[in-house]
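Each chain, letter by letter, is given below.
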Amino acid sequence: MNNPQPGKLEISYHPLMEYGAAWELQKEHVQAIDAGTGLEQLILLQHPPTYTIGSQNHPEHLLLSGEQLKEQGIALFEIDRGGDITYHGPGQLVGYPLLKLGEDGRVDLHGYLRRLEAVIIDYLASCGIEGDRKPGYTGVWVGDQKICAIGVKFNRSKSRRGFITSHGFAFNISAGIGGRGFQGIIPCGIAEYGVTSLEECTGRPMEPEQVSEELIPYFLQHFPYKVINPANPHA
């Protein structure tokens, strides 16, 4: 039996995009992928300072008032991904894989989350860092500190069996990002553990754009697609 041909994937990088615009972009791509008029996507970007509250919706995990959010210039969105509250901001690499799952009738939603975690774990290993999963939690950890949060939505396809993924991962790159943004929340509702960043773990200056380039081969190891724009993934 012949192996199925890999699907086509478009990869793009955006240095800074407002959260609301990125959310709308995801919805547009999901609709196009479902309709068969658009390609599957890996969108890599950074956001301005933003808190997002997922479907678990624990407003008590936001420690700042509306006035404090305004003073600090932090946007707030209640969104449709899984999970609790988290922070996005400059110095963090956010990835939105918009992929078709389960067209063959086999849907492993938990397996998809584990594969996303494996992308980050393998990349960390290439940097000499031991990243791991923590039982009972989603995301990637270095010891007792989370370095990458993961929260996704599985959009049920209207035109075929299966789902199309949206939202994704938030990988802390720059040192100090935990203090800047995470101190105003209980990240992911987990009070007993902290957050860290790639710079803090390596002791080397790291830029999200550089990491986005280096991360792509690890993504393609776990999600074997044919990239249609390999010469210019950073549009």
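You'll find the structure just up there.
Residues numbered from 1 in each chain as written. Predicted model: local features only at pLDDT ≥ 70, side-chain atom pairs only at ≥ 80, totals over all residues. Heavy atoms only, no water.

### Concerning the overall build of the protein chain
A count of helices and strands for the protein chain gives six helices and twelve strands. Across the 235 residues that make up the protein chain, the buried fraction comes to 50%. Within the protein chain, residue pairs in contact and separated by at least 24 positions form 77% of the contacts whose partners lie at least 6 positions apart. For the protein chain, the exposed area adds up to about 11200 Å²; of that, 50% sits on carbon and sulfur atoms. (Helix = DSSP H or I, 4+ residues; strand = E, 2+ residues; numbered from the N terminus. Buried < 20%, exposed > 50% of the residue type's maximum accessible area, 1.4 Å probe, protein only. Contact = heavy atoms within 4.5 Å. Areas by Shrake-Rupley, 256 points an atom, 1.4 Å probe, with all protein chains shown as cover.)

### A few points about the sheet that holds strand β4 (residues 75–78)
Spatially, the three strands line up as an open sheet ordered β4-β3-β5, and their pairing is mixed. Only two strands of the sheet have a single partner each, and these edge strands are β4 and β5 (85–88). Mean inter-strand twist for the sheet, computed between neighbouring axes without regard to direction, equals 20 degrees. Contacting β3 (50–53), β4 and β5, helix α1 (residues 19–35) crosses the sheet at an angle of about 30 degrees to β4. (Pairing = 2+ DSSP bridges. Axes fitted to C-alpha atoms, helices over the stretch in contact; angles between N-to-C directions.)

### Topic: the packing of aromatic side chains
Using the criterion set out here, one finds ten aromatic pairs in the structure. Summarising the aromatic geometry, the rings of Y19 and F77 are spaced 5.1 Å apart at their centres and angled 45 degrees between planes, so their arrangement reads as tilted. Of the two residues, Y19 sits in helix α1 while F77 sits in strand β4, which places them 58 residues apart along the sequence. Owing to a relative accessible area of 24%, F77 belongs among the partly exposed residues under this scheme. On the basis of an interplanar angle of 20 degrees and a centroid distance of 4.7 Å, the ring pair of F219 and F223 is categorised as stacked. On the accessibility criterion, F219 (2% relative accessible area) is buried. Since its relative accessible area comes to 2%, F223 is described here as buried. In textbook terms, an aromatic cluster arises when at least three aromatic residues are bridged by ring pairs, as seen for Y112, F154, F163, F219 and F223. (Phe/Tyr/Trp six-rings, centres within 6.5 Å; stacked < 30°, edge-to-face > 60°.)

### A closer look at helix α6 (residues 208–222)
The end-to-end C-alpha separation of α6 is 21 Å, in line with the 21 Å expected for 15 residues at 1.5 Å each. Residues of α6 that are buried include every one of P208, V211, S212, L215, I216 and F219, and no others. Where α6 is buried, its residues touch β1 (8–14), β2 (40–45), β6 (92–98), α3 (109–126), β10 (163–172) and α5 (198–202). (Expected span 1.5 Å × (residues − 1).)

### With respect to the packing of α3 against α6
Where α3 meets α6, the axes come as close as 9 Å, and the angle between the chain directions of the two elements is 125 degrees. By the angle between their directions, the pair α3 and α6 is classed as oblique. In this structure, the crossing between α3 and α6 has a hand that is right-handed. Residues R115, L116, A118, V119, I120, D122, Y123 and S126 of α3 pack against V211, E214, L215, Y218, F219, Q221 and H222 of α6. Taken together, the residues of the contact of α3 with α6 sort by class into nine nonpolar, three polar and three charged. (Parallel < 35°, antiparallel > 145°, perpendicular 65-115°, else oblique. Left-handed = near helix turned anticlockwise from the far one by under 90°. Nonpolar A, V, L, I, M, F, W, Y, C, P; charged D, E, K, R; others polar.)

### Overview of the pairing of β1
In this sheet, strand β12 (residues 226–227) lies alongside β1 in parallel orientation, the contact comprising two bridges. Paired with L9 across the strands is V227, a residue of β12. Pairing geometry for β1 and β2, over six bridges, is parallel. Bridging from a neighbouring strand, H14 pairs with L45 of β2.

All quantities given are derived from atomic positions and should not be read as evidence of function.
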